[in-house]
Every structure is written in C-alpha cells, then in structure tokens.
Protein chains: 2
Amino acid sequence: MPLTRAGRPRLTTARRPGMTARDEILDAAGELFTTLGYASTSTRHIAESVGIRQASMYHYFKTKDDILCALLSQTVGPTLAFIPSLLGAQPALTAAEHLHALAAFDGDQLLSGRWNLGALYLLPELRDARLEPFWSDRERLRLHYLALSQGVVEQTGVHEAAADLPFRLVESLVNMWSVPRGPEREELPVHVADACLRVLGLPDGATAAVRARSGEVVGDYTRSLSSVPVRPLR
Amino acid sequence: MPLTRAGRPRLTTARRPGMTARDEILDAAGELFTTLGYASTSTRHIAESVGIRQASMYHYFKTKDDILCALLSQTVGPTLAFIPSLLGAQPALTAAEHLHALAAFDGDQLLSGRWNLGALYLLPELRDARLEPFWSDRERLRLHYLALSQGVVEQTGVHEAAADLPFRLVESLVNMWSVPRGPEREELPVHVADACLRVLGLPDGATAAVRARSGEVVGDYTRSLSSVPVRPLR
C-alpha cells in the first residue's frame, strides 16, 4: 500500500502506484491530461481521482501549470541525469557511441511511462511561461543531441541540417505509443537509436561496435539505478 | 477581397485569406485551436473571429468536431491527391524515388500552412469517433509510406522496424515549426526526404539520381497545381 503523510487524511484508500501522495497526484494528472485533455481537467478532478481533498493537493502543487511542469519534467529529467555517466565513461565514448546510448535510453523513458506525456509537448498551454523549468531542461537536452550529431556529420559529410533529426526521431516515439506493450515495443528505442546513426550518415555495417558499446553503457547505468533502494526510509 | 455568399450577411469585413466563408472559418479555427487550444475554443469564438453570426457558421459546420475534422483533413488531403501522379509517372518510379517525392511533398504541406495543424494530432479529443474520415485518410497515407519503405528495406537489409520511420520523420516536421520562414525552412522537407532514404539504409552517395528524379516529379506536379485557376467563376 502506498504511504501517506501523517496529518493529510485521504478521502479514500489510494489506488494509484507510487510511494507518496505527490506521485499519486502526478499519476492521476498524467492520466487525465492525456485522456480527457489539459484544458478539460480541473485540479478538482485530479484531487477526486487521487482520493484526497483539493486543499491537501495545494500542499504539493499551487496550480495546474505546476502539475503539468512537474509531469513534463519527468520526460526529460532521467535522461539529463544519465548524461554525466556518458561523459565520464571509461574509456571515453565517441560522439556516435554517446549519441546512440542517449537515444536508446531517452526513447525508453518516453515509451515506458504509464501515460504518453510526450503527447502534451505541443499543447498551446505549454507556451505559458510558468513552464519555464521544463522548457530550459528540454532545450538543454536538444542542444546536447545537436552537439553530438554535429560531431558525427562533420565526419560523414552529410548535410548539417541532419544534425537536428536524431532528437526528432527519438521524440517521434511519442507517436508510436499505440504499439502494444511487448518485445516489439521494448526494442523500438534501440531501433530508433540505430536509425539516428544512419540519418547522420553512418551505415549499419560500420556501426556494430558503436551499438555494442552503447548497449553496455546503457545496461550498466540501468542496473546501477535499479540497485538504489526504491523506498526511502523515513 | 474574399467573396461572400449572398444571403449570409457578415458582421464585419472579412480579414482572413481564402475564397469562401468556409475557408475563413477554417483559418480562424486553425488559429484558435493552435494558439488558445481546442477545448478552450468555442464555435462562438470562431464565428466572432471570422466576423459572421454563429447561426451562419452552422450552415457550413454542424459541430466543432466537424471543423477539426475538415482542418486535419487539409494536412493529408493534398498528399493523398499527389499519389496517383506518383503511381502514374513515366518511366515508373522506384520505391525509393516514390518515397522521396512523397516525403518531400508531404513535409512541405505540413510546414507551409498558416497554422501548425499537425500539432493537433495528439489531442485527446482526436480519439473521438466523429473524426473518422480524417483517421482513415491518415492511416491510408501511413500504410502507403510503410509499403514503400518495406520495399526499400528488403533491398538494403536494414531491420524491418525502420520501415515505420520515414512517416515519423516527416511527421516530426510538426515539431520544427518554430524554424523561421525563409530558405532554411523551405529546404527542410527535402533534407527530411533525404534522411528517410538513409534511415532505410540507402546512403547519400548512392541516391543522387533518386533525389534528382524525385525533384523533377515534385516540381512537375507543383507546377501543374499552380496552373489551375485558383478562383472559380460563379
């Protein structure tokens, strides 16, 4: 059973995954925003869906924009947190290896959540300045992809306009959400990472070693994450 | 000045592009849906923005969904209409030539409109069955891309999962809408079409002739369209 904080009574027993009331609020909001729509969802809907009082929700989030910002940050935060490991890998990764690992990990993040949060990226409401922390993070990620991709096209001689496409290819996994859960879906991020290399002018035949090294780096990092205790002691 | 139909008085002088009141309604809806949001836009907003009475608008569209369906159809209709020319080209096009021309033309359609209508594709409201004509058309287009792409990967030996990616790459132009109007933006669709071939395993060095033939076919078709009189006589 999920833990709840003392002094913040729940109207009903929690039914959503997650350790904290905050996680449950985000999960409920993710469901409602991606199924009912952002504009059509009120903070009251979200509170009712979690089974808490609206006043309790304001303890965690002041506005609906705050909730959206936290949700969207979940789509870029884990990938940004992976970058230091990529930069510190020994022996150092080539631009192609770094990009492949980044794309495979990032794509997996986009596809493995409970709700298709990336589908919210093009909402008109996202232009609202109150989502600034999310936009800065996403731009940082885009520029990281771009710099790596530029490093590759300098070698291959493909037109520099291609350097924006790996980020876009990974992002397009948002449009492949309807592929049912299973092995085909789980393999999509690696296929997209392979495609990123081809888009930049590196053919499959020349990148077997790149893809093998990327697989190792992502595997090591993913295992290191899952060895961290998931439920913090309080 | 745009024409108006006799017997359907306008509250104000028309300010929007398009020959007919129907075009102006669609333009206003495109602006409001992509800036204010679909759920936040009422049919009354749209009528006011065009400068017609709400009752007059119902002459053209019965519901907000009908307007959305007509708008979204604009994002696939012209490309579907191009396919017969591609199939009938003499001498016959290869799968790679056909795909490149399709992607370049389709990408240009997505980027050249006044509003980023493709940004509406992931709206939760789109799952509504009343958009069925649009969904059928879009699925027809997706399957056409897929069949062409499968034809190419059979030759190159790239993993068949790549065959879904050309459609996704073109679609991702929706996320590049912020590139300012100008030569860089105008060239994006062709760069994306080139990238589609690389994703399927055909390197740039092997596709100069494919790209040249595609350019001819798209150029011929685009010129044939612009020679059609734009304002029908009444």
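Keep in mind that this is a model prediction, so the values were computed, not measured.

Participant: Would you take a moment to explain the relation of the copies chain A and chain B for this structure?
Facilitator: Each of the two copies of the chain can be brought onto the other by a rotation about an axis and a shift along it. Each copy of the sequence occupies a distinct position, and chain A is placed on chain B by a rotation of 180 degrees and an axial shift of 0.0 Å, giving an RMSD of 0.0 Å. Read as a symmetry element, the transformation amounts to a two-fold axis. In this assembly the copies share their binding face: 100% of the residues contributing to the interface of chain A also contribute to that of chain B.

Participant: What's the story with the side chain of Ser172 of chain B in this structure? I'm lost.
Facilitator: Residue and element names in this part refer to chain B. Following the sequence through the fold, Ser172 ends up in the loop between helix 8 (165-171) and helix 9 (183-199). The class of Ser172 is buried, set by a relative accessible area of 1%. Looking at Ser172, its side chain comes within polar contact range of the main-chain oxygen of Leu169, at 2.6 Å.

Participant: Help me understand the environment of Leu93 of chain A, please; the structure alone is not making it clear to me.
Facilitator: Residues and elements named next belong to chain A. Take Leu93: it is sitting in the loop between helix 4 (64-88) and helix 5 (95-112). Overall, the relative accessible area of 16% leaves Leu93 in the buried class. The residues touching Leu93, leaving out its near neighbours within four places in the chain, are Leu86, His98, Arg213 and Val217.

Participant: Would you take a moment to explain the interface of chain A and chain B for this structure?
Facilitator: Frequently, the measure chosen for interface size is the accessible area that the parts lose on association. Counting residues at the interface gives 33 residues for chain A, matched by 33 residues for chain B. Summing both partners gives a buried area of about 2600 Å² for chain A against chain B, and 64% of it is carried by carbon and sulfur. Linking chain A to chain B there are 0 salt bridges. At the surface where chain A touches chain B, the tally comes to 6 residue pairs in polar contact (both at pLDDT 80 or more). Looking at the side of chain A that touches chain B, the elements that each hand over two or more residues are helix 1 (21-35), helix 7 (165-171) and helix 8 (183-199) of chain A. Classifying every residue of the side of chain A that touches chain B gives 17 nonpolar, 9 polar and 7 charged.

What counts, and where the lines are drawn
- Residues numbered from 1 in each chain as written.
- Chains lettered and ligands numbered in written order.
- Predicted model: local features only at pLDDT ≥ 70, side-chain atom pairs only at ≥ 80, totals over all residues.
- Heavy atoms only, no water.
- Least-squares fit on C-alpha atoms with pLDDT ≥ 70 in both.
- Contact = heavy atoms within 4.5 Å.
- Helix = DSSP H or I, 4+ residues; strand = E, 2+ residues; numbered from the N terminus.
- Buried < 20%, exposed > 50% of the residue type's maximum accessible area, 1.4 Å probe, protein only.
- Polar contact = N/O pair within 3.5 Å; in protein donor to acceptor, adjacent residues only side chain to side chain.
- Buried area = accessible area lost by both parts, 1.4 Å probe.
- Salt bridge = Lys/Arg side-chain N within 4 Å of Asp/Glu carboxyl O.
- Nonpolar A, V, L, I, M, F, W, Y, C, P; charged D, E, K, R; others polar.

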